[in-house]
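What follows is each chain in one-letter form.
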Amino acid sequence: MTHELTAAGIDPFDESVYRAVLTRRTAAPGELAADLGCSPLRALRALDRLHDHGLVGRLAGVRRRYAAIEPTAAVESLVRTRAAELDRVRSAAGELSRLFAAAQAGTAGEDQVEIATGREALGRWFVRLQQEAREDVMTLDRPPYALITANPVESTALGRGVRYRAVYAPEALEWPGVLEDIRGLVRRGEEARVMPGLRIKLAIADRRLALMPLSLELDGVRAAVIRPSTLLDALTDYWELCWKQALPLDAPAEDPLGEEDRLMLTLLVSGLKDEAIARQLGWSVRTMRRRMSRLHELLGAVNRFQAGVIATRRGWI
């Protein structure tokens, strides 16, 4: 099968799902899973992405069913959006070239991009970025960690009214102590989400200063300190996309689930295996599976996929 929509930013599998919906006219995730030989969860996530791209619409009703948007109009809108995104990337080319040249030479202009070298320099800039923040700090967080996993500055900044929004890679939650640190920060006001596939680390303060390691290697680590520029705008847009796609780690006030049960569901939907979830929660695998069975009864679900769908639909995760 050819994949004509790849150039417009549509994943080949998502295009297969879109074609299947076009064939059926309307479809549920389970039906598409049977057609394509995949899991219902994978089909549901593809449908959600297609919905965000404007290629399918969700029909009214309790059960999830989707219908394809008329292809000519939908694809034309997708192409226009993609063209606008590429224009923004083109406008950032000068800044990207400057960053590359600075990394090669080990220096950068003082006005927009500066290169910090070494773990201690990276740590100092991360502290400074937070201390100078007045409104908000936005981060993408994943291992490895240059110094320590905890962030000693954040609690103080939260106390003076700085808004923190963090997107974590699932791998971060497997590091000893990290999950407990995050839960403590959420209780103090951090808004935390988790997103599989996160490939970079990034911190942005007040949309005017960013810190981004240029690699994930800890030996001789180098980071770009980025001031107002089209490059900073592009990184901020990328953070916003990650935030929209990520799964919340904090619960709404009306959430009837206990904190640990909700966190277990969130970690499960994020892709962590039973052993990793049990380890993070301090349970045995047997205890974790027993708690999962109890949640199935509470939610009226017959399997984990359905439990995740029902909890998400109710706004519990």
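Before reading on, note that the structure itself is shown above.
Residues numbered from 1 in each chain as written. Predicted model: local features only at pLDDT ≥ 70, side-chain atom pairs only at ≥ 80, totals over all residues. Heavy atoms only, no water.

> How would you summarise the overall build of the protein chain if you had to cite specific residues and measurements?
Secondary structure assignment for the protein chain yields 14 helices and eleven strands. For the protein chain, buried positions account for 46% of its 317 residues. Within the protein chain, contacts between residues at least 6 apart in sequence are counted, and of these 64% link residues at least 24 apart. Roughly 16,200 Å² of accessible area belongs to the protein chain as shown, and the carbon and sulfur atoms make up 52% of that amount. (Helix = DSSP H or I, 4+ residues; strand = E, 2+ residues; numbered from the N terminus. Buried < 20%, exposed > 50% of the residue type's maximum accessible area, 1.4 Å probe, protein only. Contact = heavy atoms within 4.5 Å. Areas by Shrake-Rupley, 256 points an atom, 1.4 Å probe, with all protein chains shown as cover.)

> Kindly report on the packing of helix α11 (residues 259-269) against helix α13 (residues 285-299), identifying the contributing residues and their values.
The N-to-C vectors of α11 and α13 enclose an angle of 95°; their axes lie 11 Å apart at closest approach. Judged on the interaxial angle alone, α13 and α11 are roughly perpendicular. Taken together, the residues of α13 that come into contact with α11 (itself represented by Glu260, Asp261, Met264, Leu265 and Leu268) are Met288, Arg291, Met292, Arg294, Leu295 and Leu299. Its residues assigned to classes, the contact of α11 with α13 shows seven nonpolar, no polar and four charged. (Axes fitted to C-alpha atoms, helices over the stretch in contact; angles between N-to-C directions. Parallel < 35°, antiparallel > 145°, perpendicular 65-115°, else oblique. Nonpolar A, V, L, I, M, F, W, Y, C, P; charged D, E, K, R; others polar.)

> An account of the nonpolar core is needed here, citing residue identities and associated values.
Met264 and Ile277 are the most contacted members of the largest nonpolar core, which has 32 residues in total. Elements with a minimum of two residues in this core: β6 (163-168), α8 (170-173), α9 (178-188), β7 (191-194), α11, α12 (274-281), α13 and α14 (304-313). It is α11 that provides the largest number of residues to this core, a total of six residues. Those residues in contact with Met264, other than ones at most four positions away along the chain, are Ile277, Leu281, Trp283, Met288, Arg291, Met292 and Leu295. Counting 23 residues, the second largest nonpolar core, distinct from the first, contains Leu32, Ala46, Tyr66 and Leu78. (Core = buried A, V, L, I, M, F, W, Y, C linked by side-chain atoms within 4.5 Å.)

> Lay out α12 with the relevant residues and their values.
By the criterion of burial, α12 is predominantly enclosed, with six of the eight residues buried. For α12, the complete set of buried residues consists of Asp274, Ala276, Ile277, Ala278, Gln280 and Leu281.

> Give me the lowdown on the pairing of strand β9 (residues 209-213), citing residues and values where you can.
A large share of β9 lies buried, amounting to five of its five residues. The side-chain alternation of β9 yields two buried faces, one formed by Leu209, Leu211 and Pro213 and the other by Ala210 and Met212. Inspection of the sheet shows strand β8 (residues 202-205) paired to β9 by three bridges, in the antiparallel sense. What sits directly across from Ala203, in β9, is Leu211. Between the end of β8 and the start of β9, which pair antiparallel, lie three residues, with Asp206 showing a positive phi angle near 55°. (Pairing = 2+ DSSP bridges.)

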